[in-house]
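Listed below are the residues making up each chain.
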Amino acid sequence: MRILTCGIVIVIFWGCSPQEQETVPLQFQELENLTIHSADTKIATTLSLEKDATYGDTAEVLIGTIGDVAVDSSSRVYIADNRRMVVHAFDPDGQFIDRLGRDGRGPGEFGAVASLNVHEDRLYAYDPNQQRVHIFTLHDLAGEKTINLAKNRRSY
């Protein structure tokens, strides 16, 4: 009888103890338009997508193949075009501003655009084919300089 009573008391304490709740990571808590559902929520059978922005308003094809995307502190959007070997710049409303770089082997010219990164007032565009980084200033979108990576690696 004691064992049965102890078993019942343990089950009651276990059942009445607070259950662990999964917490949403901090970086996701600050997202706009985020809805959090409990685990027992019924999953919807349909999915609908809503257009949030359109980049460019011309009949001309602006982007050949979309690569990496970066956004600066002014909400301008930079899209790497791996077919045309350029970076397209758009204002926050999606209007085309300018093309950065071009296909080639000179300063500011790309063999490929693998990665874009905005840091402070500069856009860094990595070209893995030519192993270099092109740096563009954000205030006027001009090419500032090109840094060759591992140019002297055979010397070591």
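Note: the structure precedes this text.
Since the structure is predicted, the reported quantities are computational estimates derived from the model, not experimental observations. (Residues numbered from 1 in each chain as written. Predicted model: local features only at pLDDT ≥ 70, side-chain atom pairs only at ≥ 80, totals over all residues. Heavy atoms only, no water.)

## Things to note about the pattern of salt bridges
Link 1 in the chain: Tallied over the entire structure, the rule returns 4 salt bridges.
Link 2 in the chain: Close ionic contact of Arg-102 with Glu-109 constitutes a salt bridge, the shortest N to O distance being 2.7 Å.
Link 3 in the chain: Overall, the relative accessible area of 13% leaves Glu-109 in the buried class.
Link 4 in the chain: Its salt-bridge partner being Arg-122, residue Asp-121 comes within 2.7 Å of it at the nearest N-O pair.
Link 5 in the chain: Judged by its relative accessible area of 24%, Arg-122 falls in the partly exposed class. (Salt bridge = Lys/Arg side-chain N within 4 Å of Asp/Glu carboxyl O. Buried < 20%, exposed > 50% of the residue type's maximum accessible area, 1.4 Å probe, protein only.)

## Remarks on a nonpolar patch on the surface
Link 1 in the chain: Together, Phe-28, Leu-31, Leu-34 and Ile-36 give the surface a local cluster of nonpolar side chains, amounting to about 380 Å² of exposed area.
Link 2 in the chain: Within the secondary structure, Phe-28 sits in helix α2 (residues 26-29).
Link 3 in the chain: Since its relative accessible area comes to 41%, Phe-28 is described here as partly exposed. (Patch = residues over 30% accessible without salt bridge, like charges linked within 9 Å, V, L, I, M, F, W, Y side chains within 5 Å. Areas by Shrake-Rupley, 256 points an atom, 1.4 Å probe, with all protein chains shown as cover. Helix = DSSP H or I, 4+ residues; strand = E, 2+ residues; numbered from the N terminus.)

On their own, these measurements won't tell you what the molecule is for.
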